[in-house]
Amino acid sequence: MSMFCFQCQETAGGKGCTKSGVCGKTPDVAILQDLLLYVTKGVSYYCVIARDHGIQNLFAEVFTVESLFMTLTNVNFDRAAILKKIREGLRLKDSLQIQLLNGGVKMFNLPDAATWTAASDEEFESKAAAIGVISTQNEDIRSLRELLTYGLKGIAAYYHHAFVLGFKDPEITRFIQKALSATLDDTLSADDLVGLIMETGKYGVTTLALLDQANTSTYGSPEITTVNTGVRQNPAILISGHDLKDLDELLKQTEGTGVDVYTHGEMLPSHYYPEFKKYSHFAGNYGNAWWKQAEEFEKFNGPILMTTNCLVPPKDSYKGRLFTTSIVGFEGIQHIPDRDGNKGKDFSALIEMAKNCPPPTELENGSIVGGFAHQQVLALADKVVEAVKTGAIKKFVVMAGCDGRMKSREYYTDFAAKLPKDTVILTAGCAKYRYNKLNLGDIGGIPRVLDAGQCNDSYSLAVIALKLKEVFGLEDINALPIVYNIAWYEQKAVLVLLALLHLGVKNIHLGPTLPGFLSPNVAKILIDTFGIGGISSVDEDLASMLS
Ligand code: SF4
Ligand code: SF3
């Protein structure tokens, strides 16, 4: 069985995973994810026609968002869950077709993704092998279609977070389905696809803004917070991923049980929200970024809940203590079912397990400071503007994005450590773990690492940049003393990049390697139009970026 996937930064040889995923995705799961995407494109195709005739199908919209999110890197490795979703998609296609025919809508020249169906699961694999990424022959069209699809996966992931908090925008799902179904259209030119990719950036900003509104109106605006990285002597549950509602319900259900709750990886910034600070058993952050989970989950000793990416195939030593929920899945791992109406999720299995587990083994004993989302930074605006005017701050360096396993990412630790003392790092996402424990000091009380939060909060960095542009009366966002040295790994980061391009940001450095899914011609478009560049050595980059 052969697979082909090149959607993340760690793709084999920088070109594509063909035998199995560096992430641990097996070939059978990889090709079924391709098929799920294909079925989702078919569903989207019908939804576009349906909308043109005033018909809206909310189930199909939720299905589209969930399916895209399931195929994001490090989210779902569970063959059974993906098969179930494919079957759901096939049923949706049938019902949409009937709905349209009953409405008198005539449809001609339907693409195979819309009409294909299967009588049994056995037919899935042969179909899956024929419709993957490589089935688009022209390498530039393939590259553009995939760049578009990965941007849409990013939108879907962020929209999902907002959606679970009750924040919806039908325009976002309309665009996702329109753009997805455009990837089936062989008449579209490279320019048409570039246009859709740019529009993806625009919807990326809309989605990130909606998520910011969802998070801050539900849990308050992040505040400057010192988060403990040591451990207490109580049994505990570790929660990772990005889903704040899961954390909310877990904190409520663990209150008064004697079980503490710690965050891991991208859940660290939840400590910055006022709503979660009221829980005395919300004990701190344990460990580092996602890729260190195998050794850190082992030492945690208690149950672990993965709410979203990034999941690493678990070791036997903690498999029995690992739980997934929502769109996350792994074969043989216990899964907490979704909410039933207004009833919250039931985390009692984790709580009961925790009571019989020893407390976490201490990894370190210090603290991390964060909570510099846009409201907090704008509250300090006078101080920041003054520091720029007096020259105390010479440059802001956006070092947001993802962390990953590759040794070459040590570059980011060295780069942060070698930055001159009159520079301030703006960050969001798990990239920060490469330097957030370095103790880089402050400039007149402004910390030199300003952590806005999760990758979800990259929006804050854009708001801060736009505010500074306004305060300094500049015409162009690129005239600000801000440089961008962004680390990427998965498709949420692809979307953040497209969102920044939409806002007019130029000369972004992207590392540790440029995406393998960019064909030489598509890479050239990005370099020529937006000045996107890679990274070289720390010293060379420091010299060029700070000049
Ligand atoms: Fe390879 Fe990344 Fe795809 Fe996993 S997600 S199979 S590591 S390219
Ligand atoms: Fe990290 Fe997966 Fe990208 Fe949310 S958790 S930023 S890699």
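Since the model is a prediction, treat every value here as computed from it, not as a measurement.

Conventions and cut-offs
- Residues numbered from 1 in each chain as written.
- Chains lettered and ligands numbered in written order.
- Predicted model: local features only at pLDDT ≥ 70, side-chain atom pairs only at ≥ 80, totals over all residues.
- Heavy atoms only, no water.
- Helix = DSSP H or I, 4+ residues; strand = E, 2+ residues; numbered from the N terminus.
- Rg over C-alpha atoms; globule rule 2.2 N^0.38 Å.
- Buried < 20%, exposed > 50% of the residue type's maximum accessible area, 1.4 Å probe, protein only.
- Near = heavy atom within 4 Å.
- Nonpolar A, V, L, I, M, F, W, Y, C, P; charged D, E, K, R; others polar.
- Axes fitted to C-alpha atoms, helices over the stretch in contact; angles between N-to-C directions.
- Parallel < 35°, antiparallel > 145°, perpendicular 65-115°, else oblique.
- Contact = heavy atoms within 4.5 Å.
- Phe/Tyr/Trp six-rings, centres within 6.5 Å; stacked < 30°, edge-to-face > 60°.
- Lys NZ or Arg CZ within 6 Å of the ring centre and 35° of its normal.

Q: Which parts of the structure should I look at to understand the overall build of the chain?
A: Scanning the chain from terminus to terminus reveals 20 helices and 15 strands. For the chain, the C-alpha radius of gyration of 23 Å lies close to 24 Å, the compact-globule estimate for 547 residues. Projected onto its principal axes, the C-alpha coordinates of the chain cover approximately 70 × 60 × 45 Å. Burial status across the chain gives 60% buried among its 547 residues.

Q: Honestly, the site of ligand 1 in this entry has me stumped. Any pointers?
A: Ligand 1 sits among M3, C5, F6, Q7, C8, T11, C17, G21, V22, C23, K25 and T73. Within the shell around ligand 1, the residues separate by chemical class into seven nonpolar, four polar and one charged.

Q: For this particular structure, what's the right way to read the packing of helix α1 (residues 27–52) against helix α5 (residues 122–130)?
A: Packed helix pairs are characterised by how far apart their axes lie and by the angle those axes make with each other. Close contact between α1 and α5 brings their axes to 8 Å; oriented N to C, the two are set at 80 degrees. Between α1 and α5, the angle is such that the two are roughly perpendicular. Along its contact with α1, which presents I31, L32, L35 and Y38, the element α5 presents F124, E125, K127, A128 and A129.

Q: Just checking my understanding: could you explain the packing of aromatic side chains for this structure?
A: Aromatic rings in a pair are described by how distant their centres are and how their planes are angled relative to each other. Under the counting rule described, the total for this entry stands at 19 aromatic pairs. An angle of 75 degrees between the planes, with centres 6.3 Å apart, marks the rings of Y273 and F276 as edge-to-face. Looking at Y273, the relative accessible area reads 3%, which means it is buried. By way of ring pairs, the aromatic residues F4, F6, Y150, W488 and F517 are connected into one cluster. Over the ring of F163 we find K168, and its NZ or CZ is 5.1 Å from the ring centre.

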